[in-house]
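The primary structure of each chain is shown beneath.
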Amino acid sequence: MGRRSRGRRLQQQQRPEDAEDGAEGSGKRGEAGWEGGYPEIVKENKLFEHYYRELKIVPEGEWGQFMDALREPLPATLRITGYKSHAKEILHCLKNKYFKELEDLEVDGQKVEVPQPLSWYPEELAWHTNLSRKILRKSPQLEKFHQFLVSETESGNISRQEAVSMIPPLLLNVRPHHKILDMCAAPGSKTTQLIEMLHADMNVPFPEGFVIANDVDNKRCYLLVHQAKRLSSPCIMVVNHDASSIPRLQIDVDGRKEILFYDRILCDVPCSGDGTMRKNIDVWKKWTTLNSLQLHGLQLRIATRGAEQLAEGGRMVYSTCSLNPIEDEAVIASLLEKSEGALELADVSDELPGLKWMPGITQWKVMTKDGQWFTDWDTVPHSRHTQIRPTMFPPQDPEKLQAMHLERCLRILPHHQNTGGFFVAVLVKKSSMPWNKRQPKLQGKSAETRESTQLSPAGPAEGKAADPAKLESPSFTGTGDTEIAHAAEDLENNGNKKDGVCGPPPSKKMKLFGFKEDPFVFIPEDDPLFPPIEKFYALAPSFPRMNLLTRTTEGKKRQLYMVSKELRNVLLNNSEKMKVINTGIKVWCRNNSGEEFDCAFRLAQEGIYTLYPFINSRIITVSMEDVKILLTQENPFFRKLSSETYSQAKDLAKGSIVLKYEPDSANPDALQCPIVLCGWRGKASIRTFVPKNERLHYLRMMGLEVLGEKKKEGVILTNESAASTGQPENEVPEGQRAGEPNSPDAEEANSPDVTAGCDPAGVHPPQ
């Protein structure tokens, strides 16, 4: 228990805050670094220089450039997120509007450097700039660009993410059908990259693959949820476990239980973070080799657990934001050695053209915090055996070392492309790990088989003097097979649960940490709540109603969520062993006065892109001009909209509607990505139910500058509306003039659901 809790504490405390991402997690610290908010820290550490000079990780003659780069502030980098057609529109807007305004601009006599694309990131979707926040505020043009960045970041369309942090997801080579595990996922920028890759084809609402994003820190899990929610995917699940002992899950395959093996695993482990010195400048004074020595065992356990859960033929990326071989090559070498040929390093040298990197090293030494060096395990005195482990040294056998191909690892040095420091290794699984070779089939096991599988992990451990991964976590190597042995008992226990109810794990130990989560309850096929919804929206027969869930077992269901069928399978078969923080996207919300209409549930903007392909009724096709009016006015009445829109709306009954904009390829100046909005057809007006940031995003994509808003009237002022001389924009809609205090429009505006998650145009949560 002592070692396990120490490992958990190391994951929570030693992982450098925001080691991977520029804004999330500790944005205030990052900004302070740019603007001198830190007390003066001398960027010197003699032990650091002595250590890395001795290890020769920097090419001959480049040491001065390496140290100079570490002392410079890190350039701001941004990644355009979201799915393809929307991402391309944002890129078009950035390049043709905001970046052009920065050309030939001078601030305080200095020419502003225009942002440049990262040469190795596909499709120009990642950019870097040396502009600091302080400079951004000095010029009106820069201020406008700054506001654009802030707003688009809030709505999730742009992510301020460190350049090197974007590399691991790219090297995973994700396809839409892949089952992916992100072992140490918070704060979540890499996770969002993985989700984007799953949804490469926007016409497929439910990709076959999914992402299970895990983090040991309960609070950081909620940050992870916030990040993932921006992409509105039904294929993401956030769980809260110690990555070094994350449970092995089961899924149902054609009526039989099978172990879930992942096609792709991202293993971005907690590390000492000396590659982040340019951003987290307190690392300069805190750096010592002790951090690496303490983290090595945990990193190896996490990587081994990942390798156990990887499918044969699958790919695992191991990464750290540390330059230290104790956390890098030593972990990989030890993992390869214990895998006995089951794993091998992939050659990815040509997968990211334009990226500069150094090959992994094959020889290194271990240094204590007081500067004492050891070249191999035999020279380490017994008194140091708790601090220094045999797995920290390179393999002694030259043939074995050569066969590992450690040069296939990638070390990113700060001075080569003006980035942070980083390490990446890509592993491919060729066969089962040695201690899992004789995995019995789940069905029809004999007692003898069960006994032999529980003992089998001891085999590989014999003769290996001290393997921390096996000594420190006995359940670790044996967990897989032991859990398989107990799976039949689990199946029997599952029979006692309510059908379709996935509650939190019953273990008292689990409940000691963090918040108790509501259960996930799938809607039964015969639930009377669904037929009115199905009829009202004319849902297609292919609609996967079995994937609908709610978060309550009692009372009225207020929100309906949706997951992919693959995640439904995972949820139903693992609720006893998995602490799920969040999954599913909101697709319907209950109306406060819904019983007065044909359907008690209105559509939610969060899930509309997933739901839209199945809806065959209550769809209104709108023009770009209509979209502008709907997004800038609270309740525009019919006569303000085009005659085509009015003709579609006039015969519809009151209630929730879909507003669809289709791009016109014949008009290249118009917005070239489809837009789907949730709305409400009132007595004589139409209202949109779209969150504020999303609304502003669409307006910008249509070329409108948001100048301000009149909160009382719910009107957004744009460069077009300010210039127009027609009817006043704050005219009260007819429906309200007619005196409808209890109309759904008015009631929805005040409903807590709306202001919290799907605020209608013009109705804003309290500031």
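As the structure is a prediction and not an experimental result, all values here were calculated from the model.

Ordered by their spatial adjacency, four strands build an open sheet running β27-β28-β29-β30, and the pairing between neighbours is mixed. Two strands bound the open sheet, and with one partner strand each, they are β27 (619-621) and β30 (686-688). Between one strand and the next, the sheet's axes are offset by a mean angle of 35°, whatever the strand orientation. The pairing of strand β29 (residues 675-681) with β30 spans three bridges and is antiparallel. Looking at the pairing, W680 lines up with R687 of β30.

Here H178 lies in the loop between α8 (167-172) and β7 (179-182). With a relative accessible area of 6%, H178 lands in the buried category. Spatially, the C-alpha atom of H178 lies 8.9 Å from that of P207, the residues being 29 residues apart in sequence. Dropping the residues within four chain positions of it, H178 is found in contact with N173, L198, G209, F210, D263 and R264. Here R175 takes part through its backbone nitrogen, which lies 2.9 Å from a polar atom of the side chain of H178.

With that settled, consider the packing of aromatic side chains. Per the counting criterion, the structure on display carries 21 aromatic pairs. A ring pair is formed by F99 and F145, whose centres lie 5.9 Å apart and whose planes are at 75°; its orientation type is edge-to-face. Placement of the pair is F99 in helix α5 (residues 84-102) and F145 in helix α7 (residues 140-154), with a sequence separation of 46 residues. Just as F99 is buried, F145 falls in that class too. Judged by centre distance (6.0 Å) and plane angle (40°), the ring pair of Y537 and W588 falls under tilted. Linking Y537 in the loop between α21 (530-536) and β22 (548-550) with W588 in strand β25 (residues 585-590), this pair joins segments that are 51 residues apart in sequence. In terms of burial, Y537 and W588 fall into one category: buried. Members of the aromatic cluster, connected to one another through ring pairs, are F206, F530, F536, Y537, F543, W588 and F614. Over the aromatic face of F520 sits the side chain of R551, whose NZ or CZ is 3.8 Å from the ring centroid.

Turning our attention to the UniProt feature "binding site: S-adenosyl-L-methionine" (unreviewed entry) in the protein chain. Under the UniProt annotation, the feature "binding site: S-adenosyl-L-methionine" (unreviewed entry) is placed at C184, A185, A186, P187, G188, S189, K190, D215, D242 and D268. Among the structural elements, C184 can be located in the loop between β7 and α9 (189-198). Residue class for C184 comes out buried when judged on its relative accessible area of 4%. Exposure remark for D215: the relative accessible area of 4% places this residue in the buried category. Within the structure, D215 has its side chain in polar contact with the backbone nitrogen of D217 (distance 3.1 Å).

Turning our eyes to something else, we now look at the UniProt feature "active site" (unreviewed entry) in the protein chain. Mapped onto this numbering, the UniProt entry gives "active site" (unreviewed entry) at C321. In this fold, C321 is placed in the loop between β13 (310-320) and α13 (329-339). Under the relative-accessibility criterion, C321 is labelled buried at 6%.

With twelve residues, helix α10 (residues 218-229) extends 17 Å between its outermost C-alpha atoms, agreeing within 8% with the 16 Å of an ideal straight helix rising 1.5 Å per residue. The complete set of buried residues in α10 reads N218, R220, C221, L224, V225, Q227 and A228. Down the axis of α10, the buried set is contained in an arc of 165°. They therefore lie on one face. Contacts made by the buried residues of α10 are with α9, β8 (210-214), β9 (236-239) and β24 (580-583). Taking the backbone nitrogen of K219 as reference, a side-chain oxygen 2.9 Å away marks D217 as the first, capping residue of α10.

If you walk through the whole model with that rule in mind, you get 26 salt bridges. Residue R411 pairs with D328 through a salt bridge whose shortest N-O separation is 3.5 Å. Note that R411 is positioned in strand β18 (residues 410-412) and D328 in the loop between β13 and α13, a separation of 83 residues in sequence. You can call D328 buried: its relative accessible area is 0%.

In this section: the packing of helix α3 (residues 46-55) against helix α4 (residues 63-71). Running from amino to carboxyl end, α3 crosses α4 at an angle of 140°, the nearest separation of the two axes being 12 Å. If you check the angle between α3 and α4, you find them oblique. The interaxial crossing formed by α3 with α4 has right-handed handedness. Touching F48, E49, Y52 and R53 of α3 are W63, F66, M67, L70 and R71, all from α4. Here the contact of α3 with α4 is composed, by residue class, of six nonpolar, no polar and three charged.

Rules used in this analysis
Residues numbered from 1 in each chain as written. Predicted model: local features only at pLDDT ≥ 70, side-chain atom pairs only at ≥ 80, totals over all residues. Heavy atoms only, no water. Pairing = 2+ DSSP bridges. Helix = DSSP H or I, 4+ residues; strand = E, 2+ residues; numbered from the N terminus. Axes fitted to C-alpha atoms, helices over the stretch in contact; angles between N-to-C directions. Buried < 20%, exposed > 50% of the residue type's maximum accessible area, 1.4 Å probe, protein only. Contact = heavy atoms within 4.5 Å. Polar contact = N/O pair within 3.5 Å; in protein donor to acceptor, adjacent residues only side chain to side chain. Phe/Tyr/Trp six-rings, centres within 6.5 Å; stacked < 30°, edge-to-face > 60°. Lys NZ or Arg CZ within 6 Å of the ring centre and 35° of its normal. UniProt positions renumbered as here; feature names shortened; annotations may be inferred. Expected span 1.5 Å × (residues − 1). Arc of directions from axis to C-beta. Salt bridge = Lys/Arg side-chain N within 4 Å of Asp/Glu carboxyl O. Parallel < 35°, antiparallel > 145°, perpendicular 65-115°, else oblique. Left-handed = near helix turned anticlockwise from the far one by under 90°. Nonpolar A, V, L, I, M, F, W, Y, C, P; charged D, E, K, R; others polar.

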